Amino acid sequence: MSQMLNTGVRWTIHDAELFAENEGTRYEIVDGELFMTRAPHFKHQQTCGRIFQQLNIWSESTGLGEVVINSGVLFSESDNVIPDVVWATKETLALTLDEAGHLTGVPDLVVEVLSCSKEDLRRDKEAKLKLYSSRGVKAYWIADWRSRKLEVYRREQSQLNLVATLFSSDNINSPLLPGFSCTVNQFFPVLNFRLNGKTNLK
């Protein structure tokens, strides 16, 4: 769940560095706008892990790049984000990974997993889409574990455009990832789980 801190101030990474560290809270800045995100849903994190797993298996078998969860991406002082999953070629990593372990350039693929609040939806489907498009990200996936749906954006004519909306039984592949293929369902955890002795569907 995220909260936008809209005070009329244009925030920078230097401002965020002054905030007290709170476990389970992260700060992201998109075009000078500050978003505070609290610890996400358990199923959100499982989805991140499953997407990482599928991309990591492929990456290790091909040697074409590397995938990571919650990697900081510092595009500029006023654009500092923490995508859920990123994948980059080894060439991209060699050019953009700084000594602090942050990406200071553009990853090739970015994946965001939706949370339920309106502010989270606006952040991922509007603010971050615009940022990733303007910065040159080649592919952007938005995963919704509640509806088990994946929106696929691809760079066409210098911007990210929605090219497919995929559901559980559909296959996901990408020109960016030669030979990669799995069903969308493999990205998402089982939704039924027990809580306080009751079966819940979240």
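Residues numbered from 1 in each chain as written. Predicted model: local features only at pLDDT ≥ 70, side-chain atom pairs only at ≥ 80, totals over all residues. Heavy atoms only, no water.

Student: Would you take a moment to explain the sheet that holds strand β7 (residues 85-89) for this structure?
Tutor: Each strand in a sheet pairs with its neighbour through backbone hydrogen bonds, running either in the same direction (parallel) or in the opposite one (antiparallel). Spatial ordering of the open sheet is given by β4-β7-β8-β9-β10-β11, a layout of six strands whose pairing is mixed. Strand pairing shows two members of the sheet lacking a second neighbour, β4 (65-69) and β11 (159-167), which therefore form its edges. Going from strand to strand, the sheet's axes swing by 15 degrees on average, the running direction of each strand aside. Relative to β11, strand β10 (residues 149-156) runs antiparallel, the two being bridged by eight bridges. Among the inter-strand pairings, Arg 155 is bridged to a residue of β11, identified as Leu 160. On top of the sheet, helix α2 (residues 42-62) reaches β4, β7, β8 (109-113) and β9 (139-144); it is set at about 170 degrees to β4, its chief contact. Across the sheet, helix α4 (residues 118-135) is in contact with β8, β9, β10 and β11; its angle to β9 comes to roughly 165 degrees. (Pairing = 2+ DSSP bridges. Helix = DSSP H or I, 4+ residues; strand = E, 2+ residues; numbered from the N terminus. Axes fitted to C-alpha atoms, helices over the stretch in contact; angles between N-to-C directions. Contact = heavy atoms within 4.5 Å.)

Student: Can you help me understand the nonpolar core in this one?
Tutor: Soluble globular proteins: nonpolar side chains tend toward being buried together. One finds Leu 55, Trp 141, Ile 172, Phe 180 and Phe 187 to be the most contacted residues of the largest nonpolar core, which totals 25 residues. Broken down by secondary-structure element, the contributors of at least two residues to this core are α2, β7, β8, β9, β10 and β13 (177-183). Top element by residues in this core is α2. It accounts for four residues. Setting aside its immediate chain neighbours within four residues, Leu 55 contacts Val 67, Val 85, Leu 109, Trp 141, Leu 177 and Phe 180. Of all hydrophobic cores here, the second largest spans 19 residues; its members include Val 30, Leu 93, Val 110 and Tyr 132. (Core = buried A, V, L, I, M, F, W, Y, C linked by side-chain atoms within 4.5 Å. Buried < 20%, exposed > 50% of the residue type's maximum accessible area, 1.4 Å probe, protein only.)

Student: Is there a simple way to explain the pattern of salt bridges in this structure?
Tutor: Side chains that differ in charge, positive against negative, can pair when their charged atoms come close. A full pass over the atoms with the stated rule returns five salt bridges. For Arg 123, the salt bridge goes to Asp 124, with nearest N and O atoms at 3.0 Å. Here Arg 123 and Asp 124 have matching classes, each one buried. The residue Lys 125 makes a salt bridge to Glu 151 at a minimum N-O spacing of 3.0 Å. Taken together, the residues Lys 125 in helix α4 and Glu 151 in strand β10 connect sequence positions 26 residues apart. A relative accessible area of 30% means that Lys 125 is categorised as partly exposed. With relative accessibility at 9%, the residue Glu 151 sits in the buried group. (Salt bridge = Lys/Arg side-chain N within 4 Å of Asp/Glu carboxyl O.)

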